[in-house]
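Breakdown of the fold
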Amino acid sequence: MTDQFAYKTQAWSGRFSEPVSDLVKRYTASVDFDRRLARCDIDGSLAHAEMLCAVGVLGEEDLTAIRGGLEAIREEIARGEFAWSIDLEDVHLNIESRLTQLVGDAGKRLHTARSRNDQVATDIRLWLREAIDGIVALLAALQRALVDVAEREAATIMPGFTHLQVAQPVTFGHHMMAYVEMFARDAERMADCRRRVNRLPLGAAALAGTTYPIDREHVARALGFEALCENSLDAVSDRDFAIEFCAAASIAMMHVSRLSEELVLWMSPRVGFVALADRFCTGSSIMPQKKNPDVPELARGKTGRVYGHLVGLLTLMKAQPLAYNKDNQEDKEPLFDTVDTLTDTLRIFADLIAALEVNAGRMRAAASEGFSTATDLADYLVRKGLPFRDAHEAVARAVRAAAERGVDLADLSTAELQAFAPVIGDDAAEALRLEGSIAARDHVGGTAPVQVRAAIARARERLAAAP
Ligand code: ARG
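The structure displayed is predicted, hence computed values, not measured ones.

A look at the overall build of the protein
Assigned secondary structure in the protein consists of 20 helices and six strands. In terms of overall size, the protein is more extended than a compact globule, its C-alpha atoms giving a radius of gyration of 31 Å where 467 residues would be expected to give roughly 23 Å. In the protein, buried positions account for 49% of the 467 residues. Put simply, 76% of the contacts in the protein that link residues at least 6 apart link residues at least 24 apart. Accessible surface for the protein amounts to roughly 21,900 Å². Of this, 53% is attributable to carbon and sulfur atoms.

In structure tokens form, the structure reads like this:
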């Protein structure tokens with residue numbers, strides 16, 4: 001142990017007759033990962049000390065000393081000069097010990113009316129609140145990148161798929177805007193989750209509250225919490241806010257994984273709809289011709305890792321009796337990794353989408369195959385008075401005949417089409433054209449370029465107000 005620390009033994013060691021073994025020390029310590037909470041821990045301690053002083057539990061001089069000491073520690077940590085010690089178990093005891101070393105007894109008074117149980121719950125909430133704000137901003141950045149591509153490609157025709165079979169033509173802009181909707185909901189979910197993250201546990205102390213005349217509202221205001229956790233047992237024990245965040249993160253990653261899967265497919269030389277910039281791809285060490293979509297593939301893979309953290313946290317809390325249990329120390333690594341994974345993924349995807357190259361020729365050619373306008377011909381027949389089921393049947397027979405001859409519906413003459421439905425006229429050709437097909441889907445949510453542009457305008461307006 002270095003001289004940097006005031007506490008030569010664990011803060012709770014007075015009760016014990018022998019020290020813990022090195023293995024147990026390593027097993028129970030969290031400082032290697034919870035040091036990420038240091039800034040939040042210091043903010044929480046400052047607010048706590050200020051409140052203690054305001055209610056007369058802590059003297060002005062002690063408060064001044066604590067403030068100076070904590071700011072000095074903040075600097076030491078920022079400069080990478082703080083000597084973390086596993087002997088002091090976690091971030092809280094490391095900082096408190098150093099504070100006492102720097103300012104003496106005032107440091108020892110900081111923990112009045114507080115426990116590490118409410119302290120750690122507060123730290124995680126502060127940390128996660130900031131992480132959520134970063135993620136919401138990144139979701140907006142990704143949406144902006146998608147909207148920019150959608151604008152450029154608002155009239156670019158591609159095949160729309162169901163069952164991965166060519167179904168009906170859509171525009172690539174419409175397809176991109178589908179992801180904008182998904183990521184907009186993800187941002188909403190994050191904002192909603194933030195409201196429940198943003199409640200103050202401090203004041204719960206170990207589990208039952210404290211005998212000191214604390215002012216929890218004061219601390220909540222100082223730390224920007226919207227509300228108090230209103231039951232001390234619940235405040236120190238539940239981690240549902242972290243689970244909820246991981247659920248929202250899992251859904252966002254699920255959306256990223258769908259986009260990834262499509263990018264991988266679209267980039268396959270067989271499909272060739274898009275090209276990713278080289279900086280998102282890697283080559284093969286054996287096959288010189290390869291350009292592999294590593295980034296989307298990894299994002300697809302990392303989605304599983306985030307789901308794993310969600311299930312891990314749910315299982316951590318399952319059947320845990322009230323109130324705090326040491327199990328809860330295991331909440332941090334999954335939470336941190338979820339934030340890191342989602343943050344990196346969103347950052348990279350905003351850049352990747354902005355650099356997406358679109359091959360409109362390949363998309364159009366693919367949309368022309370597979371009878372993608374067959375539904376349009378059926379709708380045309382309905383407009384001519386046929387019941388939809390009869391129209392469907394007539395077109396199905398026409399498709400079968402065209403397929404047998406290896407041609408598209410649009411290649412059949414009006415006379416040939418009339419063999420399947422006598423009401424067909426020359427104007428059927430327009431319904432069968434790709435442009436006619438997409439332009440006809442002209443309602444809110446449809447793929448007509450005018451509607452795609454309207455959706456883009458709505459999204460831009462919404463995003464103008466986003467972080
Ligand atoms: N390092 C602990 C955690 O992460 C802090 C709370 C410890 N409290 C206790 N009574 N052991 O949860």
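That was the structure; now back to the text.
A short note on the layout of surface pockets
One number sums up the size of the largest pocket: a volume of about 360 Å³. Of all the secondary-structure elements, those providing two or more residues to the lining of the largest pocket are strand 1 (157-162), helix 11 (240-267) and helix 14 (360-368). Of the residues belonging to the lining of the largest pocket, the class tally is nine nonpolar, two polar and four charged.

Here's the deal with a nonpolar patch on the surface
A cluster of nonpolar side chains, contributed by Trp12, Phe16, Val20 and Val24, occupies part of the molecular surface with about 330 Å² of accessible area. Considering the arrangement of structural elements, one finds Trp12 in the segment before helix 1 (22-28). Assessed through its relative accessible area of 32%, Trp12 is described here as partly exposed.

A look at the pattern of salt bridges
Tallying each qualifying case throughout the model produces 38 salt bridges. The salt bridge involving Arg98 is made with Glu76; its shortest N-O contact spans 2.6 Å. Of this pair, Arg98 sits in helix 5 (residues 91-103) while Glu76 sits in helix 4 (residues 60-78), and the two are 22 residues apart along the sequence. Residue Arg98 shares its accessibility class with Glu76, and that shared class is buried. Between Asp376 and Arg441 there is a salt bridge, with the nearest N and O atoms lying 2.7 Å from each other. You can see Asp376 sitting in helix 15 (residues 374-383) and its partner Arg441 sitting in the loop between helix 19 (434-439) and helix 20 (449-464), a full 65 residues away along the chain.

Here we look at the site of the ligand
The ligand sits among Ser30, Asp34, Asp90, His92, Arg116, Asn117, Val120, Tyr324, Gln329 and Lys332. Between the ligand and Asn117, the relevant distance is 2.9 Å, taken from a nitrogen atom to a side-chain nitrogen or oxygen of the residue. One of the side-chain N or O atoms of Lys332 is found 2.5 Å from an oxygen atom in the ligand. Look at the ligand: alone it shows 340 Å² of surface, and the protein chains cover 85% of it. Broken down by element, the shell around the ligand gets its largest block of residues, three residues, from helix 7 (residues 116-152). The residue inventory of the shell around the ligand, partitioned by class, reads two nonpolar, four polar and four charged.

Some remarks on empty space enclosed by the protein
A probe as big as a water molecule, rolled over the atoms, marks out the empty space that is left. Taken as a whole, this structure holds one cavity of 30 Å³ or more when the rule is applied. Roughly 50 Å³ of volume is contained in the largest cavity. Contributing to the lining of the largest cavity are His48, Met51, Ala113, Asp118, Leu200, Leu202, Gly203, Ile214, Arg216 and Val219.

A short note on the nonpolar core
One finds Leu128, Met190 and Phe245 to be the most contacted residues of the largest nonpolar core, which totals 109 residues. Examining the composition of this core, we find that 18 residues originate from one element, helix 7, more than from any other. For Phe245, the residues in contact, after removing those within four places along its chain, are Leu128, Ile132, Ile135, Met190, Cys193, Leu335, Thr338 and Val339. Counting residues in each nonpolar core, the second largest holds 20 residues, with Leu381, Ala391, Ala394 and Ile424 among its members.

Considering helix 7
With 37 residues, helix 7 extends 54 Å between its outermost C-alpha atoms, agreeing within 8% with the 54 Å of an ideal straight helix rising 1.5 Å per residue. Counting buried positions along helix 7 gives 27 out of 37 residues, so the element sits mostly inside the fold.

Notes on the packing of aromatic side chains
Overall, the coordinates contain four aromatic pairs when judged by the stated rule. Across the ring face of Phe16, the terminal group of Arg15 is positioned such that the distance to the ring centre comes to 5.7 Å.

Looking at the side chain of Asp87
Relative to the assigned elements, Asp87 resides in the loop between helix 4 and helix 5. Taking the relative accessible area as the measure of exposure, Asp87 reaches 16% and is therefore buried. In this structure the side chain of Asp87 is engaged in a polar contact, spanning 2.5 Å, whose partner is the side chain of Lys25.

Observations regarding the environment of Glu89
One can find Glu89 in the loop between helix 4 and helix 5. Placed 60 residues apart in sequence, Glu89 and Ala29 show a C-alpha to C-alpha distance of 4.4 Å. With near-sequence residues (within four places) excluded, Glu89 lies in contact with Gln10, Trp12, Thr28, Ala29, Ser30, Val31, Asn94, Arg116 and Lys326.

Brief notes about the packing of helix 7 against helix 20
With their axes 10 Å apart at the nearest point, helix 7 and helix 20 run at an angle of 155° to one another. Taken together, the axis directions place helix 7 and helix 20 in an arrangement best described as roughly antiparallel. The two elements helix 7 and helix 20 meet at a crossing, and its hand is left-handed. Residues Ala140, Gln143, Arg144, Val147, Asp148, Ala150 and Glu151 of helix 7 pack against Ile456, Ala459, Arg460, Arg462 and Leu463 of helix 20.

So, the state of the cysteines
Scanning the entire structure with this criterion turns up zero disulfides. For Cys40, which is in no disulfide, the shortest distance to another cysteine sulfur is to Cys229 and amounts to 15 Å. Exposure remark for Cys40: the relative accessible area of 3% places this residue in the buried category.

With respect to the pairing of strand 2 (residues 165-171)
Looking at chain direction, strand 1 and strand 2 are connected through six bridges and run antiparallel. The residue bridging Phe161 from the neighbouring strand is Val166, located in strand 2. The loop that links strand 1 with its antiparallel partner strand 2 comprises two residues; one of these, His163, has a positive phi angle of about 55°.

Some words on the packing of helix 15 against helix 16 (residues 388-405)
The packing of two helices is summarised by the inter-axis angle and the distance between the axes. Close contact between helix 15 and helix 16 brings their axes to 8 Å; oriented N to C, the two are set at 135°. It follows that helix 15 is oblique to helix 16 by the angle criterion. In terms of crossing hand, the pair formed by helix 15 and helix 16 is right-handed. In this structure, helix 15 uses Ala374, Leu377, Ala378, Asp379, Leu381 and Val382 to contact helix 16, whose residues at the interface are Phe388, Ala391, His392, Ala394, Val395 and Val399. When its residues are assigned to classes, the contact of helix 15 with helix 16 shows ten nonpolar, one polar and one charged.

Parameters at a glance
- Residues numbered from 1 in each chain as written.
- Predicted model: local features only at pLDDT ≥ 70, side-chain atom pairs only at ≥ 80, totals over all residues.
- Heavy atoms only, no water.
- Helix = DSSP H or I, 4+ residues; strand = E, 2+ residues; numbered from the N terminus.
- Rg over C-alpha atoms; globule rule 2.2 N^0.38 Å.
- Buried < 20%, exposed > 50% of the residue type's maximum accessible area, 1.4 Å probe, protein only.
- Contact = heavy atoms within 4.5 Å.
- Areas by Shrake-Rupley, 256 points an atom, 1.4 Å probe, with all protein chains shown as cover.
- 1 Å grid on protein atoms, 1.4 Å probe; cavity = no way out; pocket = protein on both sides within 12 Å on 5 of 7 lines; lining within 4 Å.
- Points joined across faces, edges and corners; volume = space filled by probe spheres on them.
- Nonpolar A, V, L, I, M, F, W, Y, C, P; charged D, E, K, R; others polar.
- Patch = residues over 30% accessible without salt bridge, like charges linked within 9 Å, V, L, I, M, F, W, Y side chains within 5 Å.
- Salt bridge = Lys/Arg side-chain N within 4 Å of Asp/Glu carboxyl O.
- Near = heavy atom within 4 Å.
- Polar contact = N/O pair within 3.5 Å; in protein donor to acceptor, adjacent residues only side chain to side chain.
- Core = buried A, V, L, I, M, F, W, Y, C linked by side-chain atoms within 4.5 Å.
- Expected span 1.5 Å × (residues − 1).
- Phe/Tyr/Trp six-rings, centres within 6.5 Å; stacked < 30°, edge-to-face > 60°.
- Lys NZ or Arg CZ within 6 Å of the ring centre and 35° of its normal.
- Axes fitted to C-alpha atoms, helices over the stretch in contact; angles between N-to-C directions.
- Parallel < 35°, antiparallel > 145°, perpendicular 65-115°, else oblique.
- Left-handed = near helix turned anticlockwise from the far one by under 90°.
- Disulfide = S-S within 2.5 Å.
- Pairing = 2+ DSSP bridges.

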